[in-house]
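Below are the chains, spelled out letter by letter.
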Amino acid sequence: MSNATSLPKTHRLKITPTETQVFMFSAVTWNRHQIHFDLNQAKKEGFPAVAVQRGLLGNFLARMVTEWAGNQGRLERLQWKVLQSAFPGQELECIGQIKETGSSVNPGRVILEVRILNSEDAVIASGEAVVQLHER
Amino acid sequence: MKRSYLVTERDIRRFSQAIGAPEPRKAADGRLIAEPLFCQVFMFEDVPVSELASDGSPKEINVDIPAKRTVGGGSDFEIFGPVFSGDTLTVHSKLKGVTEKSGKSGTLFLVQVETEFTNQQGQQIARETATYVKRD
């Protein structure tokens, strides 16, 4: 049986989204919401730049979690709430910390607390990830 | 609203590139394995621009409330199984509810949309409950 003790308690992944990436994510998800590609519209709505999508922020967290789990587990659930907008060019840090490991019913289940901070340590998003570790 | 899509290698590759993930992994039979939140590709209905609100925001959240701007929000994304190239995904999305809240900056509306994804074998692959925050 695999257990979470062989994995680090905390994992961090730094990502700096670019305008190209925000554009590609809108295109690949067929999201035509203008605040993600039209600077004028973004400014009209009070943003300094085009906004990074909620969905893309979720993928940054998912990448951090799958990098942490490696080939030892599978992401089963990701919950995240966007608390503040993020913009291209900002360095974001995704952090995952083990919150709960296993139970007698399911010893391979790990819950991570996840969050994204910007370079001023403001919380961009926070939530929780559930990872199921593979049995060995 | 129910719709079905074939998952191509191109879809999987473009999604990985958009989120900045490594080249997609291959299953033993050569099919590409999609990233955990890949189903986001089929989240928004591919309606013509004329059917979107003037800000281009997704049709799924175009509900009759006195609020124009869409900000922040969150997601609860459950992943029940992997997606492979060659799969056909059926997407079923519904408006789950609208909640009115009074925040510091005025009235907010939380619009919840639930989307379920099933593959060609009838297996449930993913479910997302997305929360969009709308305000005037």
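The rules behind the values
- Residues numbered from 1 in each chain as written.
- Chains lettered and ligands numbered in written order.
- Predicted model: local features only at pLDDT ≥ 70, side-chain atom pairs only at ≥ 80, totals over all residues.
- Helix = DSSP H or I, 4+ residues; strand = E, 2+ residues; numbered from the N terminus.
- Contact = placed C-beta atoms within 7 Å.
- Core = buried A, V, L, I, M, F, W, Y, C linked by C-beta atoms within 7 Å.
- Buried ≥ 20, exposed ≤ 12 C-beta atoms within 10 Å, placed from the backbone.
- pLDDT = per-residue confidence, 0-100.
- Expected span 1.5 Å × (residues − 1).
- Nonpolar A, V, L, I, M, F, W, Y, C, P; charged D, E, K, R; others polar.
- Pairing = 2+ DSSP bridges.
- Axes fitted to C-alpha atoms, helices over the stretch in contact; angles between N-to-C directions.
- Parallel < 35°, antiparallel > 145°, perpendicular 65-115°, else oblique.
- Left-handed = near helix turned anticlockwise from the far one by under 90°.

Attention shifts here to the overall build of chain B. Secondary structure assignment for chain B yields one helix and five strands. For chain B, the sequential pattern of α-helices and β-strands runs β-α-β-β-β-β. Taken along its principal axes, the extent of the C-alpha atoms in chain B is 55 × 30 × 30 Å. Sequence-distant contacts in chain B: of pairs separated by 6 or more residues, those separated by 24 or more amount to 63%.

In terms of nonpolar packing, the biggest core is built from 55 residues, with Leu57, Phe60, Leu61 and Val65 of chain A together with Cys39 of chain B touching the most fellow members. Ignoring anything within four residues of it in the chain, the contact list for Leu57 of chain A reads Val52, Trp80, Val82, Ala86, Ile116, Ile124 and Ala125 of chain A. The next biggest cluster of nonpolar side chains, apart from the first, holds six residues, and it includes Ile61, Val111, Val113 and Tyr132 of chain B.

On average, residues of chain A score 93 in pLDDT, and 96% of them are at 70 or above. Mean pLDDT in chain A bottoms out at helix α2 (residues 39–44) of chain A, which sits at 94, and peaks at strand β1 (residues 10–15) of chain A, which reaches 98.

Attention now moves to unusual backbone geometry. Residue and element names in this part refer to chain A. One non-glycine residue, Trp30, lies in the positive phi region at around 50°. Mapping Trp30 onto the fold places it in the loop between α1 (19–28) and α2. Positive phi is not limited to glycine here, since Asp121 has a value of about 65°.

All names here are of chain A. With 16 residues, helix α3 (residues 54–69) ought to run about 22 Å at 1.5 Å a step, and its terminal C-alpha atoms sit 23 Å apart, in line with that. Within α3, 14 of the 16 residues are buried, which leaves it mostly tucked inside the rest of the structure. Where α3 terminates, the next one or two residues include Gly70, which has phi positive at roughly 55°.

Let us now look at the interface of chain B and chain A. Facing 31 residues of chain B, the contacting portion of chain A comprises 29 residues. Mapped onto the side of chain B that touches chain A, the elements with two or more residues apiece are α1 (9–19) and β2 (69–79) of chain B. Ranked by residues supplied to the side of chain B that touches chain A, first place goes to β2 of chain B with 10 residues. Classifying every residue of the side of chain B that touches chain A gives 14 nonpolar, 10 polar and seven charged.

Positionally, Gly46 of chain A belongs in the loop between α2 and α3. Assessed through the 10 C-beta atoms surrounding it within 10 Å, Gly46 of chain A is described here as exposed.

Turning our eyes to something else, we now look at the pairing of strand β3 (residues 92–101) of chain A. Bridge count for β1 of chain A against β3 of chain A is six bridges, and the pairing is antiparallel. Within β3 of chain A, the position partnered with Leu13 of chain A by the bridge is Cys94 of chain A.

Another aspect to go through is the environment of Gly20 of chain B. Here Gly20 of chain B is to be found in the loop between α1 and β2. For Gly20 of chain B, a count of 17 C-beta atoms within 10 Å translates into the label partly exposed. As for Gly20 of chain B and Glu9 of chain B, which are separated by 11 residues in sequence, their C-alpha atoms are 17 Å apart. Setting aside residues no more than four positions away along its own chain, Gly20 of chain B makes contact with Ile15 and Gln21 of chain A.

Quick look at the packing of α1 of chain A against α1 of chain B now. With their axes 8 Å apart at the nearest point, α1 of chain A and α1 of chain B run at an angle of 150° to one another. Between α1 of chain A and α1 of chain B, the angle falls in the class roughly antiparallel. Between α1 of chain A and α1 of chain B lies a crossing of left-handed hand. Between α1 of chain A and α1 of chain B, the residues in contact are Gln21, Met24, Phe25 and Val28 of chain A and Arg14, Phe15, Gln17, Ala18 and Ile19 of chain B, respectively. Residue composition of the contact of α1 of chain A with α1 of chain B, grouped by class: six nonpolar, two polar and one charged.

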